[in-house]
Amino acid sequence: MDDIIDSLSPNFDARDQAISMVVLHYTGMRDAESAIAWLRNPESRVSCHYLIAEDGQILRMVAEENRAWHAGLSYWRGISAVNGCSVGIEIVNPGHEFGYRPFTEEQMDALIPLLAGIVDRHQVPRANVVGHSDVAPARKQDPGELFDWPRLARHGLAVARPSRDLVDPHWTDGGFLLALERYGYDVRSARDAIIAFQRRFRPETLDGIIDGECRAILLQLLLDRERGHVI
Ligand SMILES: [Zn+2]
């Protein structure tokens, strides 16, 4: 894409793994300018590969071949510290602290081809296109319940929320957590993991309570994976 502007950050080092994940974030600061300044400040020790402004402008802050510092302490599907194998995309939004609001149409229009290129170049499995809250459920809420995952799913860029043939397996809560861990989540903080799962797959009710709908969605996600429908 030739409409990406370089706005490079010094906050990166060498990758220790091949790229197999994409982590989506919101910036969670008052405005784009302060977020960009923070991500370029050597003292912040944080960065991302790409940032998408509210008008859809994409900034490249770290080259994909390098490790950006966006996810912090994190875990997904057996991988600890996901920075080493992921591309991090920050989408400008004040976030829950400063006035969370829907992402703009321009941001989504910019994200989709950017993400499609990354997924294609590195053969990223769809189930490894995740939110920051999925990989750090006890610490993070981003990109949050207003993020349009269904739109990414329609473009084949993220796992869709299962909606057909849903059956409640009536697992115990312990059984649900085991299944959630098998899907990829760090479940050591159980309630946080349940809320992260809800934020991603059942965002209309974020109560941290395991119910029949949560169980049915999770069962279907695991069955789809085992049947090879989603990798
Ligand atoms: Zn984040």
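Right above here is the structure, for reference.
The structure displayed is predicted, hence computed values, not measured ones. (Residues numbered from 1 in each chain as written. Predicted model: local features only at pLDDT ≥ 70, side-chain atom pairs only at ≥ 80, totals over all residues. Heavy atoms only, no water.)

## Regarding the coordination of the zinc ion
- Coordination sphere of the zinc ion, protein contribution only: His-25 (ND1), His-132 (ND1) and Asp-142 (OD), at 2.1 Å.
- We note that the donor set of the zinc ion lies within a single chain, spaced as H-x106-H-x9-D. With His-25 in strand 3 (residues 21-26) and His-132 in helix 4 (residues 132-135), this residue pair connects regions lying 107 residues apart in the sequence. Of the two residues, His-25 and His-132, both sit in the buried class. (Donors = N, O, S within 2.8 Å, 3.2 Å for Na, K, Ca; no water. Helix = DSSP H or I, 4+ residues; strand = E, 2+ residues; numbered from the N terminus. Buried < 20%, exposed > 50% of the residue type's maximum accessible area, 1.4 Å probe, protein only.)

## Topic: the pattern of salt bridges
- One pass over the structure, following the stated rule, counts 16 salt bridges.
- Arg-67 serves as the salt-bridge partner of Asp-13, at 2.7 Å between the closest nitrogen and oxygen. Placement of Asp-13 in strand 2 (residues 12-14) and of Arg-67 in strand 6 (residues 66-68) is noted, with a sequence separation of 54 residues between them.
- What makes Asp-13 partly exposed here is its relative accessible area of 27%.
- In this structure, Glu-105 engages Arg-151 in a salt bridge whose closest nitrogen and oxygen atoms are separated by 3.1 Å. Taken as a pair, Glu-105 in helix 3 (residues 105-122) and Arg-151 in helix 5 (residues 149-154) lie far apart in primary sequence, 46 residues in all.
- A relative accessible area of 49% places Glu-105 in the partly exposed class.
- Residue Arg-151 is classed as buried on the basis of its relative accessible area, which comes to 13%.
- One connected set of salt bridges, linked through shared partners, spans Arg-161, Arg-202, Glu-204, Asp-207, Asp-211 and Glu-213. (Salt bridge = Lys/Arg side-chain N within 4 Å of Asp/Glu carboxyl O.)

## Digging into the state of the cysteines
- Counted according to the given criterion, the structure contains zero disulfides.
- Summary of cysteine pairing: Cys-48 is not part of a disulfide, and the nearest cysteine sulfur, belonging to Cys-85, is at 16 Å.
- Residue class for Cys-48 comes out buried when judged on its relative accessible area of 0%. (Disulfide = S-S within 2.5 Å.)

## Considerations on the environment of Glu-181
- The topology assignment puts Glu-181 in helix 6 (residues 173-183).
- Classification of Glu-181 by relative accessible area gives partly exposed; the value is 39%.
- Considering only alpha carbons, one finds Glu-181 and Trp-69, 112 residues apart in sequence, at a separation of 24 Å.

## Observations regarding the layout of surface pockets
- If you add up the space inside the largest pocket, you get close to 480 Å³.
- As for the largest pocket, its lining consists of 25 residues, of which Tyr-26, Thr-27, Glu-90, His-132 and Lys-140 are closest to the centre.
- Of all the secondary-structure elements, those providing two or more residues to the lining of the largest pocket are strand 3, helix 1 (32-40) and helix 2 (95-98).
- In the lining of the largest pocket, the residues fall into nine nonpolar, ten polar and six charged. (1 Å grid on protein atoms, 1.4 Å probe; cavity = no way out; pocket = protein on both sides within 12 Å on 5 of 7 lines; lining within 4 Å. Points joined across faces, edges and corners; volume = space filled by probe spheres on them. Nonpolar A, V, L, I, M, F, W, Y, C, P; charged D, E, K, R; others polar.)

## Considerations on helix 6
- Those residues of helix 6 not exposed but buried are Phe-176, Leu-177, Ala-179, Leu-180 and Tyr-183. Each buried residue of helix 6 sits inside an arc of 160° when the element is viewed along its axis, so together they form one side. Residues of helix 6 that are exposed and point over 90 degrees away from its buried face: Leu-178 and Arg-182.
- Looking at the buried residues of helix 6, the elements they touch are strand 7 (75-76), helix 7 (190-201) and helix 8 (212-226). (Arc of directions from axis to C-beta. Contact = heavy atoms within 4.5 Å.)

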